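Residues per chain are reported as follows:
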Amino acid sequence: MKTRFRVQGFIVLTIFLIFLSACSETKQVNVEATAEPAKEEFYVKATTNDAKAKKTLYIGIVNAPVTLNQINTQGSSASLAPINLLNDSLLDVTDTAQFIPKLAESIETQDKQTYRIKLKANAKWNDGNPFTTADVAFTLKLALHAKVESSFKLDFIEGLNDIGKLDEGKTELSGLKIIDPTTFEIKTKTPIDPLVFNERFGVKVNFLPEHILKDANPEQLSTNEYFQKPLVTIGPYKFANYEQGQFVEVTKNEKYYLDVPKIDTIFIKVHPAANLVAQLQTGEIQMNSLPVGLVPITDYDKVKGFENVNVTSAPASEPAEIFFNTEKLPDKKVRQAIAYALNRPLIVEQLLKGQAEIIDGGIPSSHPYFNKNIANYDYNPEKAKELLKEANWDPKRTITFIIPVGNKVREQAADILVQNLESVGIKVDVQKFDFPTLIDKVEKGEHDITIFTRDYYIEPSLYFTTYKSDDPESVIRFKNPLVDELIKKGEQEIIEEKRHEIYNQLQEVLHDEVATLAVYSEKRLQVVSKNVLVGKPLNLGTFNNVNQWDIETK
């Protein structure tokens, strides 16, 4: 596995660096739909399918989707699976970090400030209505309305304020120019790296159907029935059913503008990790999903022994991170003390059997912008005690540690972390919740610390938005003017070398402040039933070619 990990990581890194270099050196940046996305070649084998047989695929996850709202994912990785099946964005991304066109025919810029987007002329909603620039304008004006909660991070667009929203009372976006039904332009406040535009706008922005939601009240949008049952979407699959905490069912979109999917129905089933493994063995689940369908590392040998599945390993990308509520733990010496108190080597060696790595920051070590010169906080309980004494820590104070259930390894690691904290004199009140409940609680600031995993981002600035002083969605409530300044510089810098310098400095400051702390990055097992002909779980871009996935029928 290690060999595969290293080779794949090298490939990703190489392609990514080539891409970055290209973005920085060319005056015009094009993303053109010259071909269909590359087809998944894993597990392809000769077969004679009965074309009339109904094909159903079951994918296992361990955390329930929080929402099906394509403009406000609420930071839920589990929600991305159904959302990405139901919705296409302008661009998609492959497991090798390549951007591929979806709804966009092309994206071009001459000056890295004005981006002209040409939509595919044949793109249409699943009810047959054409997808046009009117839907783009409607989505942006609604999602960026001052009263609407959105996960879009588009503060770089002209006409939006520093938190990426329209100011109160404004309904028009000056940075948006509609040219014709299939062409529009986005103007940014300053020139930006096309990588920023491609990932934040091209990949992360999903669209809303104007003809369905045109009368929706922005102030009541989150409770609109559409987001409970999004029947009209533009992805390869259509919404069919959603049983909260149990499964999401989608069926293929017969009017899809690309090749109509080969698999009729996909179920995303929510199970505890132990049940997920059991159902992989019985065939009731045919594939796990990354990162929210992890096979516990304690079951790796067991799963590799299943005769009905193919097993491979993905790179250890996104680490499990501790997020501090810096309003409740404002002294960085306390946060540093916690970093020294945690026996992460024990977690890696014993709990994860050495199949993981330790880093301090949230950027994966394989990412081109990872600062490899930062030394990790060692396990040093005596140093932790010294820092707590210097910080005048009250030994009667109890901190609240909110832990999501569903990921067995993370829960076990959290139990070890609690023991570590108590051994240096920090009392801990452990509270465990399902992920939707956890998100609600941490957004209200009910935690001192919590632990979960962020998504993988190609564009490095996305790792840092949570550290912004004015980020309304940040669970760490961190405020540091220097960090704000460096984040802004990094977002606006278009020369790759200078961006590296800025982000290296930013990571050094954040390392000293310890607003977050990575605990471990485990390698992930990709398990696919042998009756799946095309398709597999990936750390990045799992569903980019889902319309080409296929399974064998009996």
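Every value quoted in this text rests on a predicted model; they were computed, and no experiment measured them.

K.L.:
Break down the environment of Val409 for me, with residues and values.
P.N.:
Along the chain, Val409 falls in helix H11 (residues 408-423). What makes Val409 buried here is its relative accessible area of 2%. Sequence spacing of Val409 and Ala273 is 136 residues, and the spatial spacing of their C-alpha atoms is 9.4 Å.

K.L.:
Can you tell me about helix H10 (residues 381-390), naming the residues and giving the values?
P.N.:
Burial in H10 covers these residues: Ala384, Leu387 and Leu388. Taken down its axis, H10 places every buried residue within 100° of arc, on the same side. Those residues of H10 that are buried lie in contact with helix H8 (332-341). Of the residues one or two after H10, Asn392 is the one with positive phi, at around 55°.

K.L.:
Outline the packing of helix H9 (residues 344-351) against H11, listing residues and values.
P.N.:
Contact pair H9 / H11: the axes reach a minimum separation of 10 Å and the direction vectors enclose 140°. The pairing of H9 with H11 is recorded here as oblique in orientation. You can see that H9 and H11 cross each other, and the crossing is right-handed. Residue-level inspection shows Leu346, Ile347 and Leu351 of H9 in contact with H11, the latter providing Val409, Gln412, Ala413, Ile416 and Leu417. Along the lines of polarity and charge, the residues of the contact of H9 with H11 split into 7 nonpolar, 1 polar and no charged.

K.L.:
So what's going on with the side chain of Asp88? Residues and values would help.
P.N.:
On the secondary structure map, Asp88 appears in the loop between helix H2 (77-86) and strand S3 (91-93). Buried within the structure, Asp88 lacks any salt-bridge partner; its nearest side chain of opposite charge belongs to Lys102, at an N-O separation of 4.0 Å. A distance of 2.5 Å separates polar atoms of two side chains, one belonging to Asp88 and the other to Tyr256. Within the structure, the side chain of Asp88 is placed 2.7 Å from the side chain of Tyr257, a separation counted as a polar contact.

K.L.:
Can you tell me about the sheet that holds strand S17 (residues 427-433), naming the residues and giving the values?
P.N.:
In any sheet, the strands associate via hydrogen bonds between backbone groups, in a parallel or an antiparallel arrangement. One open sheet holds the 6 strands; their spatial order is S15-S19-S14-S18-S16-S17, and the pairing between them is mixed. Two strands bound the open sheet, and with one partner strand each, they are strand S15 (356-357) and S17. Taken together, the 7 bridges between strand S16 (residues 398-404) and S17 define a ladder with parallel strand orientation. Residue pairing across strands places Phe401 opposite Val430, the latter belonging to S17. Contacts between helix H12 (residues 435-443) and the sheet are confined to S16, S17 and strand S18 (449-453), with S16 contributing the most and set at about 145° to the helix.

K.L.:
I'd like a description of the packing of helix H13 (residues 481-492) against helix H14 (residues 496-513), backed by residues and values.
P.N.:
One can describe the packing of H13 onto H14 by two numbers: an axis separation of 9 Å at closest approach and a directional angle of 155°. Viewed along their axes, H13 and H14 adopt a mutual orientation that is roughly antiparallel. For H13 against H14, the interelement crossing comes out left-handed. Counting all contacts with H13, which are made through Leu482, Val483, Leu486, Ile487, Lys489, Gly490 and Glu491, the residues of H14 involved are Arg499, Ile502, Tyr503, Gln505, Leu506, Val509 and Leu510.

K.L.:
Please give an account of the environment of Leu213 that cites residues and values.
P.N.:
By the secondary structure assignment, Leu213 is in helix H5 (residues 210-213). Residue classification places Leu213 among the buried positions, given a relative accessible area of 3%. Sequence separation of Leu213 and Ser77 is 136 residues, and the distance between their C-alpha atoms is 25 Å. When near neighbours in sequence (up to four residues on either side) are disregarded, Leu213 contacts Phe138, Leu208, Asn224, Tyr226 and Phe227.

K.L.:
Describe in detail the environment of Lys214, supporting the description with residues and values.
P.N.:
Of note, Lys214 is situated in the loop between H5 and strand S9 (237-243). C-alpha of Lys214 to C-alpha of Phe138: the two residues are 76 residues apart in sequence and 7.9 Å apart in space.

K.L.:
Could you give me a rundown of the packing of aromatic side chains, with the residues and numbers involved?
P.N.:
Evaluation of the coordinates by the stated rule reveals 17 aromatic pairs. Here Phe197 and Phe201 contribute two aromatic rings whose centre-to-centre distance is 5.1 Å and whose plane-to-plane angle is 15°, an arrangement assigned as stacked. You can see Phe197 and its partner Phe201 sitting in helix H4 (residues 194-203), 4 residues apart, about one turn around the helix. Centre to centre, the rings of Tyr226 and Phe227 are 5.2 Å apart; their planes meet at 85°, and the pair counts as edge-to-face. Assigned by exposure class, Tyr226 and Phe227 land together as buried. Here the aromatic cluster, defined as three or more aromatic residues joined through ring pairs, consists of Tyr115, Phe184, Phe197 and Phe201.

K.L.:
Mind laying out the nonpolar core, listing which residues take part and the relevant values?
P.N.:
In this structure, Leu90, Ile117, Leu140, Leu154 and Phe201 are the most contacted members of the largest nonpolar core, which totals 82 residues. Looking at this core, the element that brings in the most residues is helix H3 (residues 133-143), giving 6 residues. Those residues within four positions of Ile117 in sequence are excluded, and the remaining contacts are Leu90, Ala104, Ser106, Ile107, Thr182, Thr183, Phe184, Ile186 and Phe197. By size, the runner-up hydrophobic cluster in this structure holds 55 residues, among which are Val277, Ala337, Tyr377 and Val514.

K.L.:
Which residues make up unusual backbone geometry, and what are the values?
P.N.:
The amide bond that connects Leu290 to the next residue, Pro291, takes the cis arrangement and shows omega of 5°. In this model, Lys112 sits at a positive phi of 65°, which is unusual for a non-glycine residue. Here Lys112 is to be found in the loop between strand S5 (104-109) and strand S6 (114-119). Lys112 gets classed as buried once you look at its relative accessible area, which sits at 7%. At Asn392, a residue that is not glycine, the phi angle is positive and equals roughly 55°. Among the secondary structure elements, Asn392 is positioned in the loop between H10 and S16. Using a relative accessible area of 66% as the deciding quantity, one classes Asn392 as exposed.

Analysis parameters
Counting starts from 1 at the beginning of each chain's written sequence and moves along it residue by residue. Residue-level local features of this predicted model are given only where pLDDT is at least 70; pairs of side-chain atoms are given and counted only at 80 or more, and the full residue set underlies all totals for whole chains, interfaces and linings. The side-chain values count all of the structure's non-hydrogen atoms but skip hydrogen atoms and water molecules. Secondary structure elements follow DSSP: runs of H or I of four or more residues count as helices, runs of E of two or more count as strands, with numbering from the N terminus. Think of it in three bands: with a 1.4 Å probe and only protein chains considered, a residue is buried below 20% of the maximum accessible area for its type, exposed above 50%, and partly exposed in between. By construction, the arc corresponds to the directions joining the helix axis to the C-beta atoms. Two residues form a contact once any of their heavy atoms are found within 4.5 Å. Lines fitted to C-alpha atoms define the axes here, with helix axes fitted over just the stretch in contact, and angles between the N-to-C directions of these axes take values from 0 to 180 degrees. Put simply, angles under 35 degrees are roughly parallel, angles over 145 are roughly antiparallel, angles from 65 to 115 are roughly perpendicular, and the rest are oblique. By definition, any crossing whose near helix is turned counterclockwise from its far helix by less than a right angle is left-handed, and any crossing with a clockwise turn is right-handed. Amino acid classes used here: Ala, Val, Leu, Ile, Met, Phe, Trp, Tyr, Cys and Pro are nonpolar; Asp, Glu, Lys and Arg are charged; the rest, including Gly, are polar. We score Asp and Glu as negative and Lys and Arg as positive, and we do not count His or the chain ends. Think of a salt bridge as a Lys or Arg side-chain nitrogen and an Asp or Glu carboxyl oxygen that are within 4 Å of each other. Within 3.5 Å is the distance limit for a polar contact, defined as a pair of N or O atoms, with the added protein rule that one can donate a hydrogen and the other accept it, and that residues adjacent in sequence qualify only through two side-chain atoms. Two strands are counted as paired when DSSP detects at least two bridges linking them. Aromatic rings from Phe, Tyr and Trp, with only the six-membered ring used for Trp, were paired whenever their centres fell within 6.5 Å, and each pair was classed as stacked if the ring planes differed by under 30 degrees, edge-to-face if by over 60, and tilted otherwise. What we call a nonpolar core is a set of buried Ala, Val, Leu, Ile, Met, Phe, Trp, Tyr and Cys residues that are connected through their side-chain atoms within 4.5 Å.

These figures capture arrangement, not role.
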